[in-house]
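# Reading the structure
Listed here are the chains, written in short residue letters.
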Amino acid sequence: SSHSNVRPGDGLLPAWEESAYMAYSQEHGFSPEGQMSSGTTIGLLYDTRDNGINPQRGWLASSAYRTFYKGFLGGDSSWQELYLDLRTYRKITADGRHRLAFWAMSDLVTNGTAPYFDLPTTGGDGRSARGYSEGRYRGNHLAYGEVEYRGTLTSNGLLGMVAFVNTTTIDNAVAGQKLFE
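Residues numbered from 1 in each chain as written. Predicted model: local features only at pLDDT ≥ 70, side-chain atom pairs only at ≥ 80, totals over all residues. Heavy atoms only, no water.

Looking now at empty space enclosed by the protein. Counted under the stated rule, the structure contains one cavity of 30 Å³ or more. Roughly 50 Å³ of volume is contained in the largest cavity. Taken together, R87, Y89, A101, F102, W103, R127, E146, E148 and R150 form the lining of the largest cavity. Elements represented by at least two residues in the lining of the largest cavity include exactly β5 (79-91), β6 (98-112) and β7 (141-152). Residues belonging to the lining of the largest cavity are distributed by class as follows: four nonpolar, no polar and five charged. (1 Å grid on protein atoms, 1.4 Å probe; cavity = no way out; pocket = protein on both sides within 12 Å on 5 of 7 lines; lining within 4 Å. Points joined across faces, edges and corners; volume = space filled by probe spheres on them. Helix = DSSP H or I, 4+ residues; strand = E, 2+ residues; numbered from the N terminus. Nonpolar A, V, L, I, M, F, W, Y, C, P; charged D, E, K, R; others polar.)

This is the structure:
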């Protein structure tokens, strides 16, 4: 991934100089004007869900191991990342109109130093950490869990409702906080 032309908006220079991005970049020797990661990925996927958009049953298990190399296609550092994703769905009622969805996800920098914008972050996948803005929290290790109730309101299933509870934990090496603290 490439993040270039990174700079503050008009009139934001004082806050920019004290931002987490600037502190992280300076501490780890990254250029604040832009950062890049280049490398390889190997992934595994097991998917028995009956529908990828609105599954009624089945499992999804996914993993990806990514290695990034300093100097490879302009990469700024060498580091590795492990991404794990597990989902399943269970009926509450016999007709399946009411069910629970379970989701566990983890994104871990396993070695090296990732550029700031490549660190695991809340909402980085576009769906997790509902209730928090994308990038609100970021760190080397992230774990996420969610339980979602799904129910249909009409007999044809056109209208439904969803209620969910989730939790996110991210470590913070600067503050000395570990995952789950």
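Taken as a class, soluble globular proteins show a tendency for nonpolar side chains to be buried jointly. The biggest cluster of nonpolar side chains holds twelve residues, and these are V6, W16, Y21, M22, Y24, F30, F68, W79, V109, A114, Y116 and L119. Looking at this core element by element, the count peaks at three residues for helix α2 (residues 20-28). Contact partners of L119, with chain neighbours within four places excluded, come to Y24, V109, A114, R138, G139 and N140. Of all hydrophobic cores here, the second largest spans eight residues; its members include W103, M105, A129 and I170. (Core = buried A, V, L, I, M, F, W, Y, C linked by side-chain atoms within 4.5 Å. Buried < 20%, exposed > 50% of the residue type's maximum accessible area, 1.4 Å probe, protein only. Contact = heavy atoms within 4.5 Å.)

What follows deals with α2. Taken residue by residue, α2 has Y21, M22, Y24 and S25 as its buried positions. Looking down the long axis of α2, one finds its buried residues gathered within 165° of arc, a one-sided arrangement. Among the exposed residues of α2, those pointing more than 90 degrees away from its buried face are Q26 and E27. Backbone geometry just downstream of α2 places G29 in the positive-phi region, at approximately 75°. (Arc of directions from axis to C-beta.)

A few words on the pattern of salt bridges. A side chain with one charge can pair with a side chain of the opposite charge if their charged atoms come near. Scanning all chains against the criterion turns up seven salt bridges. When the shortest N-O distance is used, the salt bridge between D50 and R57 registers 3.3 Å. The partly exposed category is assigned to D50, whose relative accessible area is 37%. On the basis of relative accessibility, which here comes to 53%, the residue R57 falls in the exposed class. Beyond isolated ion pairs, a larger network of salt bridges with shared partners links R130, E146, E148 and R150. (Salt bridge = Lys/Arg side-chain N within 4 Å of Asp/Glu carboxyl O.)

Our next topic: the environment of A94. Residue position: A94 is located in the loop between β5 and β6. Taking relative accessible area as the criterion, A94 reaches 78% and is therefore assigned exposed. Sequence separation of A94 and L60 is 34 residues, and the distance between their C-alpha atoms is 22 Å.

So, about the environment of L158. For L158, the location among the structural elements is in the loop between β7 and β8 (160-170). You can call L158 exposed: its relative accessible area is 66%. Put simply, L158 and W79 are 79 residues apart on the chain and 46 Å apart in space, counted from C-alpha to C-alpha.

Our focus in this paragraph is the layout of surface pockets. The probe, sized like a water molecule, is rolled over the atoms to show the empty space still left. The space that makes up the second largest pocket amounts to roughly 360 Å³. Forming the boundary of the second largest pocket are 21 residues, of which E81, D107, D118, L119 and G124 lie nearest the centre. The set of elements that each furnish at least two residues to the lining of the second largest pocket consists of β4 (58-68), β5 and β6. Of all the elements, β5 adds the most residues to the lining of the second largest pocket, at three residues. Considered class by class, the residues forming the lining of the second largest pocket number eight nonpolar, six polar and seven charged.

Right, let's get into the sheet that holds β5. Strand order across the open sheet formed by six strands is β3-β4-β5-β6-β7-β8, with antiparallel pairing between neighbours. Only two strands of the sheet have a single neighbouring strand rather than two, namely β3 (39-47) and β8. Across the sheet, the mean angle separating the axes of adjacent strands is 10° when strand polarity is ignored. (Pairing = 2+ DSSP bridges. Axes fitted to C-alpha atoms, helices over the stretch in contact; angles between N-to-C directions.)

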